[in-house]
Amino acid sequence: MLTAVPALAQGTQAASFAGAAPLAIAAGAGAFALVAMAVIRTTLVDGKAARRKAAEQIAGLRALVDEYEALLSGTREVTVLWTDENAPKLLGQAASVLPVGRQPESVLNFQSWLIGADADRLARLLEDLRVYGHAFTVSLTALDGRLIRANGWVLGGGTAMRLRPAYLQPGAEPQLAAAAVTSDLASVRAILATLTKPAFARDAQDRLVYANQAYLDLAHALGKSGTETAPPELLEPTKLREHLRACDATDQPTPLALAWERQGAYELVEFPVTGGRAGLLRPTDDHAANAGADALAHISGIIDTLATPIAIFNARRELIQFNQAYVNLWNLSHGFLTLGLDERAILDKLRTEGMLPAQVNYHTWRDAHLQAYSRTEPFEDEPWHLPDGRTIKVISAPAGSTGGVIYVFDDITERLKLESTNKAFSNVQRETINSLSEAVAVFGTNGRLTLSNPRLSALWKLPMNELGKNPHIDQIAEASGKAIPEDGASIWRDLKRGIIDLNPTRSDQTGRINRSDGRLLDYAITRLPDGQTMMTFLDVTESASYSRVLKERNDALVAADVLKDAFVENVSYELRSPLTNIIGFAEMLATDAGPLNQRQTAYVDYIRASSVTLGVLIDNILDLASVDAGIAELRPERLDVHKLVDNARAGLSASFPEISGEKPINLVVEIDPDLPPFIADGTRIVQVLYNLLSNAARFSPPGGEIKLTIAPRGDRMLFVIEDEGPGLTDEMKSAILTRLDNTGATGGRQRGAGLGLAIVKTFVNLHGGTISAERREPRGSRITVNLPRDSSMSAVAE
């Protein structure tokens, strides 16, 4: 009914659509989700299947690669692949081309297994292959004499090289003959190229069409030139025709003996081949016969020349190679040390002779040592400390793919001693530097502190833990600025210029630092041989103060000495005037004053004697003052020695008159009758004699004998004064040798002013002479004055 009414039907249909829209959207979203899930699941299943298939393919490829590598590894050759920037990959048996005991990696060390020229040749060819892609095929000669074929080619984005032993080795001429019978000339040429002996090929017209490198080398040695395809003929024309006729007469190899003076003897053998002939020159002299043995012994020769002891054992522990250094190391006889000897027998003998380290259980130690045969990597054992004091380092390494061990022994005894000595020296150096009163700082070329001592820390107030971190000089300046804020940092910045100066012509520096805290530091910057710079600091604050005080005192002493000289000079001249009056009045009393009683006469004699003594003392004072002032000079002249003695005797009599019955001095004079001429200052010599005689008189008993002996000795004149006094003490002897005079000590009859011997010493030195004193036995003393006979050349007083 609703639909029967159009208006109602239309309204009802619109309402139904409006209510069904959300349901339709939800149903569509659900359907889409189901479809999406189905698609995703299908995709995941397909992806898993694809990955499984890819993994199976990768595994198959890897298996195929492993099969190829296994196939290559089983061949008697080695292949080297360069496919990326990584290390090259080695495939095959490296032992097929390498000597016994070598590691596979040494294949690329051509110098270790190829002769020098071929090693350089292969290196150049390999470089051209990897850089320019030039393929090559070449025959090489190993150090042991084997022939090696090398092929190089470009492989995709990389390169490859194959090394294999040549199928024709030295001594394989029968195989060459067999190959020549069944091969053509072109094939035989490939064989000839691999031979190390001179070989060549002829065409059907008997012309040389090919020669290998050995043939060309021989031709060059004989003074003939040619190329590989146009080689020179080594036979003379006549001999060549005879040889060719002999070859044409038979199909068998025809030998021909050849000899050259410098190249030795050869045997020429030619083989008929299809299209011509092939020939070979075999050395027949002793040198050539031994060439193979020399090649086999080449490695042994290299090992034997090494100073390092080496021994090689095979997998059965049998000795197969050793050198003389190994024999010397263990002091084994060649009769015992033979090839094939078991290593255990060697160890047992060494143990018996006390050559191995002391072990609690020898067999356990030996078994541990023999584990070297099962190792695959080099191994360094603990050092062997032998009973004889030596220390041996033992290194073992696998000898090769077939097993065995290579032992390398190194005597490190001296090295350990040197290390110990160096450590001891370093400790001594460290302790020495630490005990110095100077602060030491050593800076490297990078400006960092490498060495210092505690004094540096104390002097600049820097923490020791900071100095131990090898700080830069800028860090030291910063730390010093904190410790000494006023000028610590600025001082170190100024010192830095001497540290960072790398000029090779720079010189050492010294100077003084006046720090703000009142310390005075003397510094020195010294360039060390290794490029480092050493800086030292010395605190001279106290010594500078002492020096200043000493300088002030010295200036005061100099001033006092000047005053003393002036005083002595003035006083001496002031005393001379009244002394002259005293002497004059004493003479008047003794002669013109009328008769005197005994006591008065004695008093007058005492006055006269004291006046004379005082006058002598004043003269001595003036003389010493003139010497000290540097104005004393000698007036040498030819002298009468007897007159000199008389003047000295007169002065002695005036100083020691006979008073109150006292017996005067008994002076005995002995003068050599044959005196040579004597040139000196007479006044000074009289003063010397007078002072020495008066000194002897003071210490001699009344009436004691004083002896003066004058005699020449060579170009010298000797004056010897002997007395009978109490003897010369050590103090008196010292006084004679200096300008001090102790002769006024108690024991003498009179006291002196301490100037007598001083003036003697001074005047003797002015004449260039010497004075000595000694004790006489049983009593008395002896003073000897030794003067030159001619004093005209003597220097002025200092």
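This one's a predicted model, so the numbers in the text were calculated from it and none came from an experiment.

Draft legend 1. Inspection of the pattern of salt bridges at higher detail. Under the counting rule described, the total for this entry stands at 20 salt bridges. In this structure, Asp-388 engages Arg-390 in a salt bridge whose closest nitrogen and oxygen atoms are separated by 2.9 Å. Since its relative accessible area comes to 19%, Arg-390 is described here as buried. With its nearest N and O atoms 3.4 Å apart, the salt bridge here joins Asp-555 to Lys-551. Remark: Lys-551 and Asp-555 occur in helix H18 (residues 541-591); sequence separation between them is four residues, near one turn of the helix. Of the residues examined, Asp-555 reaches a relative accessible area of 39% and is grouped as partly exposed. Sharing partners across several salt bridges, the network here consists of Glu-722, Glu-774 and Arg-782.

Draft legend 2. View of the packing of helix H20 (residues 641-655) against helix H21 (residues 682-698). Packing of H20 against H21 leaves a shortest axis separation of 9 Å and a crossing angle of 45°. Relative to H21, H20 is oriented oblique. The crossing of H20 and H21 is right-handed. Between H20 and H21, the residues in contact are Leu-644, Asn-647, Ala-648, Gly-651, Leu-652 and Ser-655 and Gly-682, Ile-685, Val-686, Leu-689, Tyr-690, Leu-693, Ser-694 and Ala-697, respectively. Classifying every residue of the contact of H20 with H21 gives nine nonpolar, five polar and no charged.

Draft legend 3. Structural context of the sheet that holds strand S23 (residues 666-671). With mixed pairing, five strands are arranged side by side in an open sheet as S23-S25-S26-S28-S27. Each end of this open sheet is capped by a strand with a single partner; those strands are S23 and strand S27 (770-775). For this sheet, the mean inter-axis angle between neighbouring strands, taken without regard to orientation, is 15°. Where strand S25 (residues 705-713) and strand S26 (residues 716-722) come together, seven bridges link them in antiparallel fashion. Bridge assignment links Lys-707 to a residue of S26, and that residue is Glu-722. Along the sheet, H20 contacts S23 and S25; its crossing angle with S23, the most-contacted strand, is approximately 170°. Sitting on the sheet, H21 touches S23, S25, S26, S27 and strand S28 (781-788), and the angle it makes with S25 is about 145°.

Calculation criteria
- Residues numbered from 1 in each chain as written.
- Predicted model: local features only at pLDDT ≥ 70, side-chain atom pairs only at ≥ 80, totals over all residues.
- Heavy atoms only, no water.
- Salt bridge = Lys/Arg side-chain N within 4 Å of Asp/Glu carboxyl O.
- Buried < 20%, exposed > 50% of the residue type's maximum accessible area, 1.4 Å probe, protein only.
- Helix = DSSP H or I, 4+ residues; strand = E, 2+ residues; numbered from the N terminus.
- Axes fitted to C-alpha atoms, helices over the stretch in contact; angles between N-to-C directions.
- Parallel < 35°, antiparallel > 145°, perpendicular 65-115°, else oblique.
- Left-handed = near helix turned anticlockwise from the far one by under 90°.
- Contact = heavy atoms within 4.5 Å.
- Nonpolar A, V, L, I, M, F, W, Y, C, P; charged D, E, K, R; others polar.
- Pairing = 2+ DSSP bridges.

That's the geometry; what it means functionally is another story.
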